[in-house]
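Listed below are the residues making up each chain.
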Amino acid sequence: MSRSDVLVDADWVQDNLDNPEIAIVEVDEDTSAYEKNHIRNAIRIDWTKDLQDPVRRDFIDQEGFEKLLSAKGIANDTLVILYGGNNNWFASYAYWYFKLYGHENVKLLDGGRKKWELDARELVEEVPARPETTYKAKPQNTAIRAFRDDVVAAIGAQNLVDVRSPDEFSGKLLAPAHLPQEQSQRPGHVPTARNIPWSKNANDDGTFKSDDELKELYAEEQVDLAKDTIAYCRIGERSALTWFVLHELLGVENVKNYDGSWTEYGSLVGVPIELGANK
Amino acid sequence: MCGAKAGGPDASTIKPGETTIQGQVTKDGEPVTGYVRLLDSTGEFTAEVPTSATGQFRFYAAEGTWTVRALIPGGTADRTVVVAEKGALAEVAIAV
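Model, not experiment: these values are computed from the prediction.

Caption draft 1: Expanded view of the domain arrangement of chain A. All names here are of chain A. Taken domain by domain, chain A comprises domain 1 (3-139) and domain 2 (143-265). Each side of the interface is counted separately: domain 1 has 19 residues, and domain 2 has 17 residues. Mapped onto the side of domain 1 that touches domain 2, the elements with two or more residues apiece are helix H1 (3-6), helix H5 (85-100) and helix H6 (112-118). Here the side of domain 1 that touches domain 2 is built from residues that sort into 9 nonpolar, 5 polar and 5 charged.

Given below as structure tokens:
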């Protein structure tokens, strides 16, 4: 797999804004950002309302995903280009989610909304209409999704990559510093996890670092990529970005994203927790 | 400009008890929109927010020494911020 199979740059998107064969989709942590403005012809997927089950803590099911994509005017063969704020955290999460339900034809806009804005490219308020489709999803591919028992079993046995900031890893903060400090019952990290913050994968403008830089990063941090790997963060969106780097950019097999992440693990009764900085 | 108000968001909207770093990004004396990154004392990325339409930003953090970095089209600028104690408010003005 090469970079061009999974990433497009801003110039490519600019040249394809009116291509009906592609769907440009904004997915933001701040779900109202789209309403302010967005890339021309982009539609919105709301990660809270569209992608989560309204009652249980889980994703919408296969049928729900089919309904969502049909209503959004995305067909099975549509090339989906995802982008968003926060250096593509939630766009990466949506990318992983699309792959979870078997949509292969999906790519990320390198740098996301921030790069687009820093380039001073056009943003519009007009909301496009896409004709409804009949989308067919596949059952979830749990080869890329980790659950809590997988994480407990991985302690000391597999690579656990905690991609949160060092202060969240050590237990000083419970959440990223731009969010209120709430969520899990206990701070800390999963024993034997390596702290490799997601931000080390990206440049200041939000674009991904080169393959060579990324390989060097994981080698320096002593992650043996021949072993199975689970990435986690607080709710699974920053770790989806690291999953994207390992699985999609570097082509590492057997990488899972743990979407329960610290808000689940840090509230479990009886599991081991470690405090303190990376060893 | 010691003692001058830095032009951050209205302090009355801070969540009670939170340790807060906030302020405003300007260029040539005028507010400018862009992004602000919060880096910890080792220079490690901690958080990033888009500014408001008037260049304002806010982080909830912890006591210690931080770097606040503004990114706007065509420019960046860093400021060091020291937050003395838990629950304190640090105001920072960044001119790019």
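Caption draft 2: Region of interest: the sheet that holds strand E3 (residues 35-39) of chain B. Residue and element names in this part refer to chain B. One open sheet accounts for 4 strands, arranged E4-E3-E6-E7; its pairing is antiparallel. Strand pairing shows two members of the sheet lacking a second neighbour, strand E4 (45-50) and strand E7 (75-83), which therefore form its edges. This sheet shows a mean twist of 20 degrees between the axes of neighbouring strands, independent of strand direction. Of the strand pairs in this sheet, E3 and E4 are connected by 5 bridges, and their pairing is antiparallel. Bridge pairing in E4 places arginine 37 opposite glutamate 48.

Caption draft 3: Unusual backbone geometry, seen in detail. One non-glycine residue with positive phi stands out, namely asparagine 41 of chain A, at about 75 degrees. Summarising the element assignment, asparagine 41 of chain A is placed in the loop between helix H3 (33-36) and strand E3 (43-44).

Caption draft 4: Up close: the interface of chain B and chain A. On the chain A side, the residues contacting the 18 residues of chain B number 20 residues. Broken down by secondary-structure element, the contributors of at least two residues to the side of chain B that touches chain A are E3, E4 and strand E5 (56-61) of chain B. Of the residues forming the side of chain B that touches chain A, the biggest block, 6 residues, is contributed by E4 of chain B. The residue makeup of the side of chain B that touches chain A, split by class, is 12 nonpolar, 1 polar and 5 charged.

Caption draft 5: The arrangement of the environment of lysine 36 of chain A in detail. Residue and element names in this part refer to chain A. With respect to the secondary-structure elements, lysine 36 resides in helix H3. Assessed through the 11 C-beta atoms surrounding it within 10 Å, lysine 36 is described here as exposed. Sequence separation of lysine 36 and glutamate 237 is 201 residues, and the distance between their C-alpha atoms is 23 Å.

Caption draft 6: The arrangement of the pairing of strand E6 (residues 64-72) of chain B in detail. All names here are of chain B. Alignment of E3 against E6, held across 5 bridges, turns out to be antiparallel. Bridging from a neighbouring strand, valine 36 pairs with alanine 70 of E6. The pairing of E6 with E7 spans 9 bridges and is classified as antiparallel. Residue pairing in the sheet places tryptophan 66 in a bridge with valine 81 of E7.

Caption draft 7: Region of interest: the nonpolar core. Ranked by internal contacts, the top residues of the largest apolar core, which has 63 residues, are Val25, Ile81, Leu82, Ala94, Tyr95 and Phe244 of chain A. Split by domain, the residues of this core number at least three in each of domain 1 (3-139) and domain 2 (143-265) of chain A. Each residue touching tyrosine 95 of chain A, except ones within four places of it in the same chain, is listed here: Leu82, Val106, Leu108 and Phe244 of chain A. Counting residues in each nonpolar core, the second largest holds 20 residues, with Val49, Phe59, Val68 and Ala70 of chain B among its members.

Reading guide: rules and limits
Residues take numbers from 1 onward in each chain, read along the sequence in its written order. For naming, the first written chain is A and the first written ligand is 1, with later ones following in the order written. Where totals are concerned, whole chains, interfaces and linings use all residues; where local detail is concerned, this predicted model gives features only for residues with pLDDT of at least 70, and gives and counts side-chain atom pairs only at 80 or more. Domain delimitation in this document rests on an assignment produced automatically or drawn from a domain database. Each residue gets a C-beta atom placed from its backbone, and two residues are in contact if those atoms lie within 7 Å. Elements are defined by DSSP. Helices are runs of H or I of four residues or more, strands are runs of E of two residues or more, and each kind is numbered from the N terminus. When residues are grouped by polarity, Ala, Val, Leu, Ile, Met, Phe, Trp, Tyr, Cys and Pro land in nonpolar, Asp, Glu, Lys and Arg in charged, and all others, Gly among them, in polar. Two strands qualify as a pair provided that DSSP identifies no fewer than 2 bridges between them. A fitted line through C-alpha atoms represents every axis, and for helices the fit uses only the stretch in contact; the resulting angles, taken between N-to-C directions, go from 0 to 180 degrees. To sort residues by exposure, count the other C-beta atoms lying within 10 Å of each residue's C-beta; 20 or more gives buried, 12 or fewer gives exposed, and values between give partly exposed, all with C-beta atoms placed from the backbone. Here a nonpolar core is just a set of buried residues of the types Ala, Val, Leu, Ile, Met, Phe, Trp, Tyr and Cys, joined wherever their C-beta atoms sit within 7 Å.

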